[in-house]
Amino acid sequence: MSCQSEEEQYAYIPASVALQTPLNFPNTTYNFDSNPLTEKGIELGKKLFYDGNLSADGIVSCGFCHVQSYGFTHHGHTVSHGVFDRIGTRNTPALQNLAFQNSFMWDGVSHNLDLNSIIPITAEVEMDANFNDINSYLQAKPSYVNLFKQAFPSGEISTENVLKALSQFMLTFVSANSKYDKVIRNEAENFTNDEQQGYVIFQQKCASCHATELFSDQTFRNNGLPINPNVNDEGRFKVTELNTDRYKFKVPSLRNIAVTAPYMHDGRFLNLDAVLEFYNSGVQNTTNLDPLLISSTGRLGISLFIDEKQKLKAFLNTLTDSDFLSNPKLSEF
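Conventions we followed
- Residues numbered from 1 in each chain as written.
- Predicted model: local features only at pLDDT ≥ 70, side-chain atom pairs only at ≥ 80, totals over all residues.
- Heavy atoms only, no water.
- Helix = DSSP H or I, 4+ residues; strand = E, 2+ residues; numbered from the N terminus.
- Rg over C-alpha atoms; globule rule 2.2 N^0.38 Å.
- Buried < 20%, exposed > 50% of the residue type's maximum accessible area, 1.4 Å probe, protein only.
- Areas by Shrake-Rupley, 256 points an atom, 1.4 Å probe, with all protein chains shown as cover.
- Lys, Arg positive; Asp, Glu negative; His and termini not counted.
- Charge placed at Lys NZ, Arg CZ, Asp CG, Glu CD.
- Salt bridge = Lys/Arg side-chain N within 4 Å of Asp/Glu carboxyl O.
- Expected span 1.5 Å × (residues − 1).
- Arc of directions from axis to C-beta.
- Phe/Tyr/Trp six-rings, centres within 6.5 Å; stacked < 30°, edge-to-face > 60°.
- Lys NZ or Arg CZ within 6 Å of the ring centre and 35° of its normal.
- Contact = heavy atoms within 4.5 Å.
- Patch = residues over 30% accessible without salt bridge, like charges linked within 9 Å, V, L, I, M, F, W, Y side chains within 5 Å.
- Core = buried A, V, L, I, M, F, W, Y, C linked by side-chain atoms within 4.5 Å.

## A word on the overall build of the chain
Next up, step 1: Broken down by element type, the chain carries 14 helices and two strands.
Next up, step 2: Expected size for 333 residues packed as a compact globule is a radius of gyration near 20 Å; at 21 Å, the chain falls within 12% of this value.
Next up, step 3: Here the C-alpha coordinates of the chain stretch approximately 80 × 50 × 30 Å along the principal axes.
Next up, step 4: Out of the 333 residues in the chain, the part that is buried amounts to 50%.
Next up, step 5: Carbon and sulfur atoms form 51% of the exposed surface of the chain, whose accessible area is close to 15900 Å².
Next up, step 6: With 25 positive and 37 negative side-chain charges, the chain shows a separation of 5 Å between the mean positions of the two kinds.

Quick look at the structure:
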């Protein structure tokens, strides 16, 4: 029988965890010095991520709108559905490779992952919660009290530690083991002819924006979507109030794109065929249209023949990381 007191038994256990940067990835941007990964911190973050009691209705958790098997998106929902069936205005963004990003949300309103979770937790159309209630709930649960003691030096249940724990768990969302990655790293995988030709087309016509191994250059661009008069979402402009940012949205990563439908910031396209045809024939010359979508002859969009679209889609399917989508360490159960 242990002679330790309960306080000693559940004291802070600093079992550090190093985030392994994939060989073909850029350097991380997250400040791990301010929130080092630990086994118990990640465990706590996972428990919080899937706990619907953090929301106003006791149902909608972070994991409710970010489903692992669909690249941590709200698959099938055009825009996010929050507590009490409230409807948002934007499609739920994928959660992956967050340690390598420099801004978050479609409009880049957040540059700090530790603070980013405040937005969905407190948003009226998402979780509609407040941290006083969340902390009171957690303080009444012995399992949480024990985990906080093991996860953080202070052992305190606080808003700061809740947010840091969530970040620790989400930082482990590293997707880097798709067929594409295995080919690039020469791990006994090869593209089919269609995939290889699609890769060439991608490099020629898509890689300027969907750049690096993140498949996003992390900039904000207007890709010529027809403006929805019912919403008139002005994107990045809402953050900066600069006219040059009107209708610009963050370039999303294309990793796991085959499973993250619907697409665009408002989820207007239900499949990849619709997306590719939009770039081929649907781009409009709206305010601040990205210059890359205007050819030297004045043609809008990206010219794509039927055969090119098929091959491009074959390549995009190689970005699906089945290991990531089924990793039990990231799963709710």
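Picking up where we left off.
## Observations regarding the environment of Pro262
Next up, step 1: When you line up the elements, Pro262 lands in the loop between β2 (249-250) and α12 (272-282).
Next up, step 2: For Pro262, a relative accessible area of 4% puts it in the buried group.
Next up, step 3: As a C-alpha pair, Pro262 and Val79 span 183 residues in sequence and 8.8 Å in three-dimensional space.

## A word on the pattern of salt bridges
Next up, step 1: As enumerated under the stated definition, the model contains 17 salt bridges in all.
Next up, step 2: Note that Lys311 is salt-bridged to Asp307, the shortest N-O span being 2.9 Å. A residue pair is termed a helical-turn pair when its members lie 3 or 4 positions apart in one helix, as Lys311 and Asp307 do in helix α13 (residues 306-316) at four residues.
Next up, step 3: By relative accessible area, Lys311 is classed as buried at 13%.
Next up, step 4: A relative accessible area of 41% places Asp307 in the partly exposed class.
Next up, step 5: Connected through salt bridges with shared partners, the residues Arg90, Asp107, Asp233 and Lys238 form a single ionic network.

## A few points about helix α10 (residues 193-205)
Next up, step 1: Compared with the 18 Å implied by 1.5 Å per residue over 13 residues, the 18 Å span of α10 between its first and last C-alpha is a close match.
Next up, step 2: Within α10, burial applies to Glu195, Gly198, Tyr199, Ile201 and Phe202. Down the axis of α10, the smallest arc covering the buried residues is 165 degrees, so these residues share one side. Opposite its buried face, α10 presents the exposed residues Asn193 and Gln204, each directed more than 90 degrees away.

## Description of the packing of aromatic side chains
Next up, step 1: This model, assessed by the stated rule, comprises 23 aromatic pairs.
Next up, step 2: Taking 6.0 Å as the distance between ring centres and 85 degrees as the angle between the ring planes, the aromatic pair formed by Tyr180 and Phe315 counts as edge-to-face. Here Tyr180 is found in helix α9 (residues 179-184), whereas its partner Phe315 is found in helix α13, with 135 residues between them in sequence. Just as Tyr180 is buried, Phe315 falls in that class too.
Next up, step 3: By way of ring pairs, the aromatic residues Phe49, Tyr50, Phe72, Phe169, Phe173 and Phe324 are connected into one cluster.
Next up, step 4: When the ring centre of Phe237 is taken as reference, the NZ or CZ atom of Arg246 above it lies at 3.8 Å.
Next up, step 5: Directly above the ring of Phe104 sits Lys250, whose terminal nitrogen or CZ lies 5.8 Å from the centroid.

## Some points on the environment of His81
Next up, step 1: By the element assignment, His81 lies in the loop between α3 (62-65) and α4 (113-116).
Next up, step 2: Since its relative accessible area comes to 24%, His81 is described here as partly exposed.
Next up, step 3: Linking His81 and Ala129, residues 48 residues apart in sequence, is a C-alpha distance of 15 Å.
Next up, step 4: If near-sequence neighbours (up to four positions away) are discounted, His81 is found in contact with Phe64, Cys65, His74, Arg86, Ile87 and Val125.

## With respect to the side chain of Asn222
Next up, step 1: Within the secondary structure, Asn222 sits in the loop between β1 (220-221) and α11 (237-240).
Next up, step 2: By relative accessible area, which is 3% here, Asn222 ends up buried.
Next up, step 3: Excluding residues within four positions of it along the chain, Asn222 makes contact with Tyr247, Lys248, Thr286, Thr287, Asn288, Leu289, Asp290 and Leu293.

## What about a nonpolar patch on the surface?
Next up, step 1: Taken together, Val109, Ile119 and Val239 make up a surface patch of nonpolar side chains, about 190 Å² in accessible area.
Next up, step 2: Its place among the elements puts Val109 in the loop between α3 and α4.
Next up, step 3: The exposure class of Val109 is partly exposed, given its relative accessible area of 43%.

## Description of the nonpolar core
Next up, step 1: Of all hydrophobic cores here, the largest spans 46 residues; its most connected members are Leu44, Leu48, Phe49, Leu138, Phe148 and Phe173.
Next up, step 2: The leading source of residues in this core is helix α8 (residues 159-171), at seven residues.
Next up, step 3: If you look at the next biggest cluster of nonpolar residues, it comprises 29 residues, including Phe191, Leu254, Met264 and Leu272.

## Thoughts on unusual backbone geometry
Next up, step 1: The linkage connecting Ala261 with the following residue, Pro262, adopts the cis geometry, with an omega of 0 degrees.
Next up, step 2: One non-glycine residue with positive phi stands out, namely Asn186, at about 55 degrees.
Next up, step 3: Residue placement: Asn186 occurs in the loop between α9 and α10.
Next up, step 4: With phi around 50 degrees, Asn232 is a residue other than glycine that occupies positive phi space.
Next up, step 5: Looking at the secondary structure, you find Asn232 in the loop between β1 and α11.
Next up, step 6: Residue Asn232 is classed as partly exposed on the basis of its relative accessible area, which comes to 31%.

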